Amino acid sequence: MTVAGLPARGSGKMGDRNESGSVWEHGEKYEAGFRCKYCHGSKKGGGATRFKQHLASRGNDVVHCTFVPKDVRDYYRRELDRTKAKATNRMKEKLRLEDIAMEGNVSGDDDEDDVELNAAIHMSR
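In this text, all values refer to a predicted model and were calculated from it rather than measured experimentally.

Asks: For this particular structure, what's the right way to read the overall build of the protein?
Replies: Secondary structure assignment for the protein yields three helices and three strands. For the protein, the residues scored as buried account for 25% of the 125 residues in total. For the protein, restricting intrachain contacts to residue pairs at least 6 apart in sequence, the fraction spanning at least 24 positions comes to 33%. In the form shown here, the protein has an accessible surface area of approximately 9300 Å², with 51% of it arising from carbon and sulfur atoms.

Rendered as C-alpha coordinates:
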(Lines give C-alpha, C1' and ligand atoms only; values in the text may rest on other atoms or scores of the structure.)
Protein backbone atom coordinates (compact mmCIF):
# COMPACT_ATOMS: atom_id res chain seq x y z
CA MET A 1 0.00 0.00 0.00
CA THR A 2 1.39 3.38 -0.92
CA VAL A 3 0.36 6.51 0.88
CA ALA A 4 -0.83 9.39 -1.26
CA GLY A 5 2.01 11.81 -1.86
CA LEU A 6 4.65 9.40 -0.56
CA PRO A 7 7.08 7.40 -2.66
CA ALA A 8 6.73 3.63 -2.80
CA ARG A 9 9.10 1.82 -0.46
CA GLY A 10 12.44 1.29 -2.15
CA SER A 11 11.87 3.98 -4.78
CA GLY A 12 15.05 5.74 -3.68
CA LYS A 13 13.35 9.09 -3.33
CA MET A 14 13.27 9.39 0.45
CA GLY A 15 16.45 10.76 1.90
CA ASP A 16 17.81 12.19 -1.34
CA ARG A 17 19.87 15.18 -0.28
CA ASN A 18 18.85 17.23 -3.31
CA GLU A 19 15.10 16.75 -3.08
CA SER A 20 14.36 15.48 0.45
CA GLY A 21 11.82 13.05 -0.96
CA SER A 22 8.20 14.05 -1.05
CA VAL A 23 7.97 15.59 2.41
CA TRP A 24 7.23 18.95 0.82
CA GLU A 25 4.00 17.58 -0.66
CA HIS A 26 2.66 17.84 2.91
CA GLY A 27 3.69 21.42 3.39
CA GLU A 28 5.96 24.07 2.00
CA LYS A 29 9.28 25.62 2.73
CA TYR A 30 8.53 28.80 4.58
CA GLU A 31 11.20 31.41 5.27
CA ALA A 32 13.94 29.39 6.97
CA GLY A 33 11.54 26.65 8.07
CA PHE A 34 8.26 25.09 7.00
CA ARG A 35 4.47 25.46 6.97
CA CYS A 36 2.28 22.35 7.38
CA LYS A 37 -0.70 21.91 5.06
CA TYR A 38 -2.61 19.93 7.71
CA CYS A 39 -2.45 22.17 10.78
CA HIS A 40 -1.27 25.32 8.95
CA GLY A 41 1.36 25.72 11.64
CA SER A 42 4.74 27.09 10.72
CA LYS A 43 8.19 26.88 12.24
CA LYS A 44 11.04 29.21 11.54
CA GLY A 45 14.21 27.20 11.44
CA GLY A 46 14.48 23.59 10.42
CA GLY A 47 14.30 21.82 7.13
CA ALA A 48 13.05 18.49 5.84
CA THR A 49 14.07 16.47 8.91
CA ARG A 50 12.39 18.87 11.31
CA PHE A 51 9.26 18.82 9.14
CA LYS A 52 9.30 15.00 9.16
CA GLN A 53 9.46 15.15 12.97
CA HIS A 54 6.45 17.49 12.95
CA LEU A 55 4.47 15.12 10.72
CA ALA A 56 5.52 12.06 12.74
CA SER A 57 4.73 13.77 16.05
CA ARG A 58 8.26 13.04 17.21
CA GLY A 59 11.14 15.21 18.31
CA ASN A 60 11.72 17.59 21.18
CA ASP A 61 12.12 20.93 19.45
CA VAL A 62 9.04 20.84 17.23
CA VAL A 63 5.28 21.18 17.73
CA HIS A 64 3.61 17.90 16.85
CA CYS A 65 0.91 17.98 14.18
CA THR A 66 -2.44 16.70 15.45
CA PHE A 67 -4.18 16.94 12.08
CA VAL A 68 -1.85 14.79 9.96
CA PRO A 69 -3.50 11.64 8.58
CA LYS A 70 -2.52 8.48 10.46
CA ASP A 71 -0.93 6.80 7.43
CA VAL A 72 1.30 9.84 6.76
CA ARG A 73 2.27 10.05 10.46
CA ASP A 74 3.11 6.34 10.56
CA TYR A 75 5.13 6.57 7.35
CA TYR A 76 7.34 9.37 8.69
CA ARG A 77 7.73 7.59 12.03
CA ARG A 78 9.14 4.60 10.16
CA GLU A 79 11.39 6.88 8.11
CA LEU A 80 12.77 8.58 11.23
CA ASP A 81 13.30 5.18 12.91
CA ARG A 82 15.10 3.88 9.82
CA THR A 83 17.33 6.96 9.69
CA LYS A 84 18.17 6.65 13.38
CA ALA A 85 18.99 2.95 12.99
CA LYS A 86 21.33 3.73 10.07
CA ALA A 87 23.15 6.38 12.11
CA THR A 88 23.48 4.00 15.07
CA ASN A 89 24.85 1.25 12.84
CA ARG A 90 27.36 3.65 11.24
CA MET A 91 28.59 4.73 14.67
CA LYS A 92 28.92 1.12 15.88
CA GLU A 93 30.90 0.23 12.77
CA LYS A 94 33.15 3.25 13.22
CA LEU A 95 33.86 2.28 16.83
CA ARG A 96 34.48 -1.34 15.81
CA LEU A 97 37.00 -0.24 13.17
CA GLU A 98 38.72 2.10 15.64
CA ASP A 99 39.04 -0.78 18.12
CA ILE A 100 40.59 -2.97 15.43
CA ALA A 101 43.03 -0.20 14.51
CA MET A 102 44.01 0.30 18.15
CA GLU A 103 44.65 -3.43 18.59
CA GLY A 104 46.95 -3.38 15.57
CA ASN A 105 48.98 -0.51 17.05
CA VAL A 106 49.86 -2.34 20.26
CA SER A 107 53.31 -3.83 20.19
CA GLY A 108 54.01 -7.07 22.06
CA ASP A 109 57.78 -6.64 22.27
CA ASP A 110 58.12 -3.88 24.87
CA ASP A 111 61.56 -5.05 25.98
CA GLU A 112 63.00 -4.52 22.50
CA ASP A 113 61.40 -1.06 22.30
CA ASP A 114 62.87 -0.15 25.70
CA VAL A 115 66.36 -1.17 24.56
CA GLU A 116 66.05 0.95 21.41
CA LEU A 117 64.68 3.90 23.38
CA ASN A 118 67.47 3.72 25.94
CA ALA A 119 70.08 3.51 23.18
CA ALA A 120 68.62 6.57 21.46
CA ILE A 121 68.58 8.52 24.75
CA HIS A 122 72.21 7.52 25.44
CA MET A 123 73.35 8.59 21.97
CA SER A 124 71.59 11.97 22.26
CA ARG A 125 73.58 12.95 25.36
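Asks: Help me understand the pairing of strand β1 (residues 27–30), please; the structure alone is not making it clear to me.
Replies: Note: β1 against strand β2 (residues 33–36), four bridges, orientation antiparallel. Along β2, the bridge assignment pairs K29 with F34. Connecting the antiparallel pair β1 and β2 is a turn made up of two residues, with E31 showing a positive phi of about 50°.

Asks: Looking at this structure, I do not really get the packing of helix α1 (residues 48–56) against helix α2 (residues 70–104). What am I missing?
Replies: Geometrically, a packed helix pair is captured by the angle between its two axes and the distance between the axes. Where α1 meets α2, the closest approach of the two axes is 8 Å, and the angle between their N-to-C directions is 130°. Relative to α2, the element α1 is oriented oblique. For the element pair α1 and α2, the recorded crossing hand is left-handed. The segment α1 lies against α2, with K52, Q53, L55 and A56 engaging R73, Y76, R77 and L80. Its residues assigned to classes, the contact of α1 with α2 comprises four nonpolar, one polar and three charged.

Asks: What's the story with the packing of aromatic side chains in this structure? I'm lost.
Replies: Each aromatic ring pair is summarised here by two numbers: the centre-to-centre distance and the angle between the ring planes. All told, the structure shown has three aromatic pairs when counted by the stated rule. Where W24 meets F51, the ring centres are 5.3 Å apart and the plane angle is 10°; that geometry is what we call stacked. One end of the pair, W24, is in the segment before β1; the other, F51, is in helix α1, and 27 residues separate them in sequence. Ring geometry for F34 and F51: centres 4.8 Å apart, planes at 40°, overall tilted.

Asks: What is the right way to read the pattern of salt bridges from this model?
Replies: Between side chains of opposite charge, a pair can form as their charged atoms come close. Per the stated rule, a full pass over the model turns up eight salt bridges. Across the pair K44 and E31 runs a salt bridge, and its minimum N-O distance is 3.6 Å. Of this pair, K44 sits in the loop between β3 (42–43) and α1 while E31 is found in the loop between β1 and β2, placing the two residues 13 residues apart along the sequence. The two residues K44 and E31 agree in class, both being exposed. Here E93 makes a salt bridge to R96, at a shortest N to O gap of 2.7 Å. Separated by three residues within a single helix, E93 and R96 lie in helix α2, roughly one turn from each other. We classify E93 as partly exposed; its relative accessible area is 33%. Through salt bridges that share partners, K70, R73 and D74 make up one connected network.

Reading the values: rules and limits
- Residues numbered from 1 in each chain as written.
- Predicted model: local features only at pLDDT ≥ 70, side-chain atom pairs only at ≥ 80, totals over all residues.
- Heavy atoms only, no water.
- Helix = DSSP H or I, 4+ residues; strand = E, 2+ residues; numbered from the N terminus.
- Buried < 20%, exposed > 50% of the residue type's maximum accessible area, 1.4 Å probe, protein only.
- Contact = heavy atoms within 4.5 Å.
- Areas by Shrake-Rupley, 256 points an atom, 1.4 Å probe, with all protein chains shown as cover.
- Pairing = 2+ DSSP bridges.
- Axes fitted to C-alpha atoms, helices over the stretch in contact; angles between N-to-C directions.
- Parallel < 35°, antiparallel > 145°, perpendicular 65-115°, else oblique.
- Left-handed = near helix turned anticlockwise from the far one by under 90°.
- Nonpolar A, V, L, I, M, F, W, Y, C, P; charged D, E, K, R; others polar.
- Phe/Tyr/Trp six-rings, centres within 6.5 Å; stacked < 30°, edge-to-face > 60°.
- Salt bridge = Lys/Arg side-chain N within 4 Å of Asp/Glu carboxyl O.

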